[in-house]
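What the coordinates show
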Amino acid sequence: MKLKEVKFFKSVSINDSKVFFDDKDEIVFVGRSNVWKSSLMNALLNKKDLVKTSSKPGKTRTANLFLLNNKYFFTDLPGYGFAKLWKQLKEDLDSLISWYVSERKSYIKKVVLIIDSKIWPQQTDIDMFNYINDLEIPVLIILSKVDRLSNNDVNKSIFHCEEVFFGQQVMAVSSMKKLGVDEIFKVLAESF
Ligand SMILES: Nc1nc2c(ncn2[C@@H]2O[C@H](COP(=O)(O)OP(=O)(O)OP(=O)(O)O)[C@@H](O)[C@H]2O)c(=O)[nH]1
Ligand SMILES: [Mg+2]
């Protein structure tokens, strides 16, 4: 797929019946809060700030759908597991993620699970991986923030993730330095 056009389509909150009305294939982006999900989406879509980002964790609070070539969705979800968020908000965001992924299951061709390459996978990441796996949705693991590591440490981190996630494909990215972005877009485009 060559990306010709992309636009913001809509936001969905939990239990919103709008979630049922779009029969388009979709790729969903998940990861812990502030792991640079939204920034990665901008890099993949070749836009500066179509997807809203912030240095403050907890920026994304709804499922935000972006329509590519009038045909597919890339969907940004809130981050999970940010301890410092107000407890009720944290629970609400976590429920939105699991609700959204299970409701849209038959359209979701891949879940991109983004892991902080400096922190390595946390229990919350493994829980999220298992949740998606149980729904039988294919996963692509992406290590973010690799501009902050040496090549040697990036390789260690990739190797460790391959072990933790049972031989899943793991790719590395820096959205800011545009490292790995084209390769990831190619893999994602092939899943439609
Ligand atoms: N150095 C560096 N900084 C980045 C990169 N990508 C994103 N950032 C910065 O990291 C911060 C957080 O990025 P977001 O993309 O908003 O993170 P998020 O995972 O969507 O966060 P939530 O929506 O809160 O879950 C922003 O200030 C970005 O500018 C990168 O590749 N390198
Ligand atoms: Mg975000």
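Below is a short write-up of the structure. Here the structure is a predicted model, which is why all the values come from computation and not from measurement.

Brief notes about the overall build of the chain
Scanning the chain from N- to C-terminus turns up 5 helices and 7 strands. Secondary structure elements of the chain occur, N-terminal to C-terminal, as β-β-α-β-β-α-β-α-β-α-β-α. The globule rule puts the C-alpha radius of gyration for 192 residues at 16 Å, and the 15 Å found for the chain is close to it. Its C-alpha atoms give the chain principal-axis dimensions of about 45 × 40 × 30 Å. Out of the 192 residues in the chain, the part that is buried amounts to 48%. Counting only carbon and sulfur atoms, one obtains 48% of the accessible surface of the chain, whose full area is about 9800 Å². Taking the average place of the 29 positive charges on the side chains of the chain and the average place of its 24 negative ones, the gap between the two points comes to 7 Å.

With respect to the pattern of salt bridges
All told, the structure shown has 7 salt bridges when counted by the stated rule. Among the salt bridges present, the one from lysine 18 reaches aspartate 16, with a minimum N-O distance of 3.8 Å. The class for lysine 18 is partly exposed, based on a relative accessible area of 34%.

Some details on the coordination of the magnesium ion (ligand 2)
For the magnesium ion (ligand 2), every protein donor is listed as Ser38 (OG) and Thr60 (OG1), and the spread of their distances is 2.1 to 2.2 Å. With serine 38 in helix H1 (residues 37-45) and threonine 60 in the loop between H1 and strand E3 (63-68), the pair connects residues that are 22 residues apart, well separated along the chain. By relative accessible area, which is 10% here, threonine 60 ends up buried.

Describing the site of ligand 1
Taken together, 19 residues sit near ligand 1, with Trp36, Lys37, Ser39, Gly58 and Thr60 positioned nearest. A distance of 3.1 Å is found between an oxygen atom of ligand 1 and a backbone nitrogen or oxygen belonging to valine 35. Aspartate 147 is positioned with one of its side-chain polar atoms (N or O) 3.1 Å from a nitrogen atom of ligand 1. For ligand 1, whose free accessible area comes to 660 Å², the fraction covered by protein is 88%.

Looking at the packing of aromatic side chains
Counted under the stated rule, the structure contains 8 aromatic pairs. Here the aromatic rings of tryptophan 99 and tyrosine 100 are separated by 6.3 Å at their centres, their planes lie at 65 degrees, and the arrangement is edge-to-face. Judged by its relative accessible area of 12%, tryptophan 99 falls in the buried class. Taking the relative accessible area as the measure of exposure, tyrosine 100 reaches 1% and is therefore buried. Connected via pairs of aromatic rings, a cluster forms that spans Phe29, Phe74 and Phe185.

What to know about the sheet that holds strand E2 (residues 26-31)
Read across the open sheet, the 7 strands follow the order E1-E3-E4-E2-E5-E6-E7; overall the sheet is mixed. With partners counted over all chains shown, the strands left at the sheet margins are strand E1 (6-12) and strand E7 (170-172), one partner each. Taking the axes of each pair of neighbouring strands and ignoring which way they run, one obtains an average angle of 25 degrees across the sheet. Of the pairings in the sheet, the one linking strand E6 (residues 139-144) to E7 comprises 3 bridges and is parallel in character. Note on E7: the bridge partner recorded for isoleucine 141 is valine 170.

Some details on H1
Counting buried positions over the 9 residues of H1 gives 8, a clear majority of the element. Taken together, the buried positions of H1 are occupied by Lys37, Ser38, Leu40, Met41, Asn42, Ala43, Leu44 and Leu45. Positioned one or two residues after H1, asparagine 46 has a phi angle of 60 degrees, which is positive.

Thoughts on the nonpolar core
One finds Val30, Leu77, Tyr100, Leu113 and Ile141 to be the most contacted residues of the largest nonpolar core, which totals 34 residues. Mapped by element, the contributors of at least two residues to this core are E2, E3, helix H2 (87-103), strand E5 (108-116), helix H3 (123-134), E6 and helix H4 (151-164). With 5 residues, the single largest contributor to this core is H2. Valine 30 has contacts with Lys37, Leu77, Tyr80, Ile97, Val111, Val112, Leu113, Ile114, Met128 and Ile132, leaving out every residue within four places of it along the chain. With 25 residues, the next largest nonpolar core counts Leu44, Ile114, Val173 and Phe185 among its residues.

Rules and cut-offs
- Residues numbered from 1 in each chain as written.
- Chains lettered and ligands numbered in written order.
- Predicted model: local features only at pLDDT ≥ 70, side-chain atom pairs only at ≥ 80, totals over all residues.
- Heavy atoms only, no water.
- Helix = DSSP H or I, 4+ residues; strand = E, 2+ residues; numbered from the N terminus.
- Rg over C-alpha atoms; globule rule 2.2 N^0.38 Å.
- Buried < 20%, exposed > 50% of the residue type's maximum accessible area, 1.4 Å probe, protein only.
- Areas by Shrake-Rupley, 256 points an atom, 1.4 Å probe, with all protein chains shown as cover.
- Lys, Arg positive; Asp, Glu negative; His and termini not counted.
- Charge placed at Lys NZ, Arg CZ, Asp CG, Glu CD.
- Salt bridge = Lys/Arg side-chain N within 4 Å of Asp/Glu carboxyl O.
- Donors = N, O, S within 2.8 Å, 3.2 Å for Na, K, Ca; no water.
- Near = heavy atom within 4 Å.
- Polar contact = N/O pair within 3.5 Å; in protein donor to acceptor, adjacent residues only side chain to side chain.
- Phe/Tyr/Trp six-rings, centres within 6.5 Å; stacked < 30°, edge-to-face > 60°.
- Pairing = 2+ DSSP bridges.
- Axes fitted to C-alpha atoms, helices over the stretch in contact; angles between N-to-C directions.
- Core = buried A, V, L, I, M, F, W, Y, C linked by side-chain atoms within 4.5 Å.
- Contact = heavy atoms within 4.5 Å.

On their own, these measurements won't tell you what the molecule is for.
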